[in-house]
Amino acid sequence: MQNCYIGIEIGGTKLQIVLADDSFIINRTFRFAVDRVLAAAGIREHIAQTITNISKEYIIKGISIGFGGPVDRQAGCIAKSHQLSGWDGFNISGWLKQQVNVPVILENDANAAALGEALKGAGRNYEHVFYVTLGSGAGAGMVINGQIYHGTKPGEAEIGHIRLNGEGLTLEDSCSGWAVDKKIRTVISQKPDGKLAQLCADVNGGEAKMLLTALEQGDADALKILNDTAADLGFGLSHAVHLFHPDIIVLGGGLSLLGEPLRVRVQNAIRANTMTLFLPGPGVVIAELGELAVPVGAIENLRRHIG
């Protein structure tokens, strides 16, 4: 049987499990939707069954995880999930080693994605890469000279929890995919005959994926949501500029699929909130690896530990 290395992405809406060969190149991907009712237990069942099936065909040499929330890397434990129940304090590395006695590397998903984009994606030509992911939540990671920046456990570049005002509104509250879903549902409740209501008529959750279509059709409500979200995101990222002074900021996650309309507005908002001495500041680019950012980063992280 051939060797393989496993990368796992555990998010709020999806679970991805990838296989890489001895050259640490991904050649197989499994993707599952997350059941929010089954939550952590459902995800663990998918992981266990998939690993069982993989072990029938391959010799597993190592496992690397990118988890959607703060983690204790040294202990191999989940510190906190802000989206799904059943994870807090869970020793995921120990659990996996009970199934396959191989090295298990645990990392925050945004850190893993940052590493993937820094080494293989939009940040590969830069030394200081700040990555922000706009998915179920809003997370970030910083890579300096090819190495993930790690602060004191259990958090690092947790930009999603930066306060945008004195009332406690966070960047995640305003700029995550779920936050944009909520903004769209609010517009729909106010304008049941509007364009967003029409486009989301058959959508039950994940309304943000219809925002680009509404923008392309010139919908004013969609444009306001985009402008408001980009303004808050740029304001939050200006703090990252003042703290970390990155060469480049990479926008990833589902909302990054808005592409150039989002990128330009975020770039402008960052500059509007950055002190003159630091202007023009870092460039802003859209992530290149798409849904594979976390798995690619997880495999690269594994390669660095055991390759």
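None of the values given here were measured: they were computed from a predicted structure.

S.K.: What exactly am I supposed to notice about the overall build of the protein here?
M.R.: If you tally the helices and strands in the protein, you get 10 helices and 12 strands. The C-alpha radius of gyration computed for the protein amounts to 19 Å, which stays within 12% of the reference 19 Å derived for 307 residues, consistent with globular compactness. Taken along the three principal axes of its C-alpha coordinates, the protein extends 55 × 50 × 35 Å. A separation of at least 24 residues holds for 66% of the contacts in the protein among residues at least 6 apart in sequence. For the protein, the computed accessible surface area is about 13600 Å², with 50% contributed by carbon and sulfur atoms. Put simply, the protein has 26 plus and 31 minus side-chain charges, and the middle of one group is 2 Å from the middle of the other.

S.K.: Looking at this structure, how should I read the nonpolar core?
M.R.: Inside soluble globular proteins, nonpolar side chains tend to come together where they are buried. If you look at the biggest cluster of nonpolar residues, it comprises 38 residues, and the most contacted ones within it are Phe130, Leu237, Leu251 and Val266. Looking at this core, the elements with two or more residues in it are strand S8 (128–134), strand S9 (138–144), helix H4 (171–175), helix H5 (177–190), helix H7 (211–216), helix H8 (220–244), strand S11 (248–252) and helix H9 (260–272). No other element matches the eight residues that H8 contributes to this core. Other than its neighbours up to four places away in sequence, Leu237 contacts Phe130, Val132, Ile159, Ile249, Leu251, Val266 and Ile270.

S.K.: What's the story with the sheet that holds S8 in this structure? I'm lost.
M.R.: Taken together, five strands build an open sheet; the order of strands is S10-S9-S8-S11-S12 and the sheet is mixed. Bordering the open sheet on either side are strand S10 (147–148) and strand S12 (283–286), each of which pairs with just one other strand. Relative to S12, S11 runs parallel, the two being bridged by four bridges. Bridge assignment links Ile248 to a residue of S12, and that residue is Gly283. Against the sheet, helix H3 (residues 109–120) touches S8, S9, S10 and S11, its axis set at about 50° to S9. Where H8 meets the sheet, its contacts fall on S8, S9 and S11, and the angle it forms with S8 comes to roughly 155°.

S.K.: Would you take a moment to explain the packing of H3 against helix H10 (residues 293–306) for this structure?
M.R.: The packing of two helices is summarised by the inter-axis angle and the distance between the axes. Here H3 crosses H10 at 85°, and the two axes come no closer than 7 Å. In terms of orientation, H3 lies roughly perpendicular with respect to H10. Residues Asp109, Ala112, Ala113, Leu115, Gly116, Glu117, Leu119 and Lys120 of H3 form the contact with H10, whose own contacting residues are Ala293, Val294, Val296, Gly297, Ala298, Glu300, Asn301 and Arg304. Taken together, the residues of the contact of H3 with H10 sort by class into eight nonpolar, three polar and five charged.

S.K.: What should I look at first to understand the environment of Arg28 in this one?
M.R.: Its location among the elements puts Arg28 in strand S3 (residues 26–33). Setting aside residues up to four positions removed in sequence, Arg28 forms contacts with Ile17, Val18, Leu19, Glu57 and Tyr58. Among the polar contacts made by the side chain of Arg28, one reaches the side chain of Glu57 at a distance of 3.4 Å.

S.K.: What is the right way to read H10 from this model?
M.R.: Within an α-helix, residues lying three or four positions from one another point in the same direction, as the helix has 3.6 residues per turn. When the terminal C-alpha atoms of H10 are compared, their 20 Å separation across 14 residues agrees well with the 20 Å that a helix rising 1.5 Å per residue should span. In terms of burial, H10 is largely enclosed, as 10 of its 14 residues are buried. The complete set of buried residues in H10 reads Ala293, Val294, Pro295, Val296, Gly297, Ala298, Ile299, Glu300, Asn301 and Leu302.

S.K.: What's the story with the side chain of Asn108 in this structure? I'm lost.
M.R.: Residue position: Asn108 is located in strand S7 (residues 104–108). Looking at Asn108, its side chain comes within polar contact range of the main-chain nitrogen of Asn111, at 3.1 Å. Setting aside residues up to four positions removed in sequence, Asn108 forms contacts with Gly66, Phe67, Gly69, Pro70, Val71, Ala140 and Glu158.

What counts, and where the lines are drawn
Residues numbered from 1 in each chain as written. Predicted model: local features only at pLDDT ≥ 70, side-chain atom pairs only at ≥ 80, totals over all residues. Heavy atoms only, no water. Helix = DSSP H or I, 4+ residues; strand = E, 2+ residues; numbered from the N terminus. Rg over C-alpha atoms; globule rule 2.2 N^0.38 Å. Contact = heavy atoms within 4.5 Å. Areas by Shrake-Rupley, 256 points an atom, 1.4 Å probe, with all protein chains shown as cover. Lys, Arg positive; Asp, Glu negative; His and termini not counted. Charge placed at Lys NZ, Arg CZ, Asp CG, Glu CD. Core = buried A, V, L, I, M, F, W, Y, C linked by side-chain atoms within 4.5 Å. Buried < 20%, exposed > 50% of the residue type's maximum accessible area, 1.4 Å probe, protein only. Pairing = 2+ DSSP bridges. Axes fitted to C-alpha atoms, helices over the stretch in contact; angles between N-to-C directions. Parallel < 35°, antiparallel > 145°, perpendicular 65-115°, else oblique. Nonpolar A, V, L, I, M, F, W, Y, C, P; charged D, E, K, R; others polar. Polar contact = N/O pair within 3.5 Å; in protein donor to acceptor, adjacent residues only side chain to side chain. Expected span 1.5 Å × (residues − 1).

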